[in-house]
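Okay, here's what each chain looks like letter by letter:
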Amino acid sequence: MFEPTVRLNRTLWTQVKQCAEAGGYSSPEEFVAHVLEREVARLLSEGTSDEEILRKLKGLGYLE
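Everything quoted here is computed from the prediction, not taken from an experiment.

Focus: the confidence of the model for the protein chain
- Of all residues in the protein chain, 95% attain a pLDDT of 70 or more, and the chain-wide mean is 87.
- Averaged pLDDT values over the elements of the protein chain bottom out at 80 in helix H3 (residues 50–59) and peak at 96 in helix H1 (residues 10–22).

As structure tokens, this is what we get:
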């Protein structure tokens, strides 16, 4: 089965690994999934439109 992937620069990946280890996650991938799930749930719970979500993600630097 196809699994989507995300590319991170080396510096960010090092930080992700450090945070995952410090947070007791079993892997950096588990940490990233948890962070993304939390952020997506927060954005969706605010009842914002797609355009508003895109604007917020751009403002946070997640999208260009």
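Quick notes on the packing of aromatic side chains
- Applying the stated criterion across every chain yields a total of 1 aromatic pair.
- Judged by centre distance (5.2 Å) and plane angle (75 degrees), the rings of Tyr-25 and Phe-31 are edge-to-face.
- Among the residues examined, Tyr-25 registers a relative accessible area of 23% and is labelled partly exposed.

A look at helix H2 (residues 28–45)
- With 18 residues, H2 should reach 26 Å at 1.5 Å per residue; the first-to-last C-alpha distance of 26 Å fits that figure.
- Those residues of H2 that sit buried are Pro-28, Phe-31 and Leu-43. All buried residues of H2 project into a common sector of 95 degrees when viewed along the axis, lining one side. Away from its buried face, by an angle of more than 90 degrees, H2 presents the exposed residues Glu-37, Leu-44 and Ser-45.
- Each element contacted by the buried residues of H2 is listed here: H1 and H3.

Thresholds applied
Residues numbered from 1 in each chain as written. Predicted model: local features only at pLDDT ≥ 70, side-chain atom pairs only at ≥ 80, totals over all residues. Heavy atoms only, no water. pLDDT = per-residue confidence, 0-100. Helix = DSSP H or I, 4+ residues; strand = E, 2+ residues; numbered from the N terminus. Phe/Tyr/Trp six-rings, centres within 6.5 Å; stacked < 30°, edge-to-face > 60°. Buried < 20%, exposed > 50% of the residue type's maximum accessible area, 1.4 Å probe, protein only. Expected span 1.5 Å × (residues − 1). Arc of directions from axis to C-beta. Contact = heavy atoms within 4.5 Å.

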